[in-house]
Amino acid sequence: MRDDAAATGTPVLVLPGIGDSGPQHWQSLWEARHPAFRRVIQRDWNRPVCAEWAITLERAVAESGADTVLVAHSLGSLLTAHWAAGTKRRIKAALLVAVPDPAGPAFPAEAEGFAITRQPLPFRSIVVASRNDPYADIAWSQACAAAWGSELIDIGDAGHINAASGLGEWPQGLALLRRLIAAA
């Protein structure tokens, strides 16, 4: 499989959620297969502070440039919305996967400041949702997509769309990323 993002010169920043994305997570598998994809490394993956993560993302986007596409999972998706509401920098697009509900019963107590931002995102975006995600129901995902002006893709029952979901390299997600890049 060709690295389409690298071939088009599109920089891709990978934004994992709490705990980082392990070696079998689709984000890690994409990075291994596509050397142009670069993970935004946070100081503390286990006690995330949104404001601190946003500063790290701001630096990464400054280095990466306006053609950047973000690939966010879970808290990384909430981070993207929070960052977009406060930055003057521009990016091309974002793929937002498994957006958790900060008011939900399963939301990690150690995550600080990840409240929902309801401002429309100033770039093209896709929200990918699962109907049996333990961190958010489908109505939450629909509300986020509507508030952000994002396209919503419902992939059925896929858990938290992570390594435990058994997606492997998740080719459907990579196809969505390619479509997003082409349309942005």
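One structure accompanies this document, and this report is about it.

The rules behind the values
Residues numbered from 1 in each chain as written. Predicted model: local features only at pLDDT ≥ 70, side-chain atom pairs only at ≥ 80, totals over all residues. Heavy atoms only, no water. Axes fitted to C-alpha atoms, helices over the stretch in contact; angles between N-to-C directions. Helix = DSSP H or I, 4+ residues; strand = E, 2+ residues; numbered from the N terminus. Parallel < 35°, antiparallel > 145°, perpendicular 65-115°, else oblique. Contact = heavy atoms within 4.5 Å. Nonpolar A, V, L, I, M, F, W, Y, C, P; charged D, E, K, R; others polar. Salt bridge = Lys/Arg side-chain N within 4 Å of Asp/Glu carboxyl O. Buried < 20%, exposed > 50% of the residue type's maximum accessible area, 1.4 Å probe, protein only. Pairing = 2+ DSSP bridges. Right-handed = clockwise from strand over helix to strand, strands pointing away. Phe/Tyr/Trp six-rings, centres within 6.5 Å; stacked < 30°, edge-to-face > 60°.

Once that is clear, we can look at the packing of helix H3 (residues 50-64) against helix H4 (residues 75-86). One way to put it is that H3 packs onto H4 with a least axis distance of 10 Å and a crossing angle of 75 degrees. Comparing the axis directions of H3 and H4 gives the class roughly perpendicular. The residues of H4 that touch H3, namely those facing Cys50, Trp53, Ala54, Leu57, Glu58 and Val61, are Leu75, Leu79, His82 and Trp83. Tallied by class, residues from the contact of H3 with H4 come to eight nonpolar, one polar and one charged.

This model, assessed by the stated rule, comprises seven salt bridges. For Arg89, the salt bridge is made with Glu58, and the minimal N-O distance between the two is 3.1 Å. Taken as a pair, Arg89 in the loop between H4 and strand S4 (93-97) and Glu58 in helix H3 lie far apart in primary sequence, 31 residues in all. Here Arg89 falls in the partly exposed class, since its relative accessible area comes to 37%. Take Glu58: its relative accessible area is 25%, and that puts it in the partly exposed class. As a salt-bridge pair, Glu151 and Arg179 come within 3.1 Å of each other at their nearest N and O atoms. Of the two residues, Glu151 is situated in strand S6 (residues 151-154) and Arg179 in helix H6 (residues 171-183); the sequence distance between them amounts to 28 residues. Taking relative accessible area as the criterion, Arg179 reaches 39% and is therefore assigned partly exposed.

Another aspect to go through is the pairing of S6. Pairing between strand S5 (residues 124-129) and S6: four bridges, direction parallel. Across the sheet, Ala129 pairs through a bridge with Asp154, a residue of S6. Taken together, S5, helix H5 (residues 138-148) and S6 constitute a β-α-β crossover, and its handedness is right-handed.

What follows covers the packing of aromatic side chains. If you walk through the whole model with that rule in mind, you get five aromatic pairs. Ring plane angle 85 degrees and centroid distance 5.7 Å describe the contact between Trp53 and Phe114, whose orientation is recorded as edge-to-face. Of this pair, Trp53 sits in helix H3 while Phe114 sits in the loop between S4 and S5, and the two are 61 residues apart along the sequence. Relative accessible area serves as the criterion here: at 3%, Phe114 is assigned to the buried category. In this structure an aromatic cluster arises from ring pairing among Trp26, Trp30 and Trp170.

Any functional reading would require information that these geometric values do not contain.
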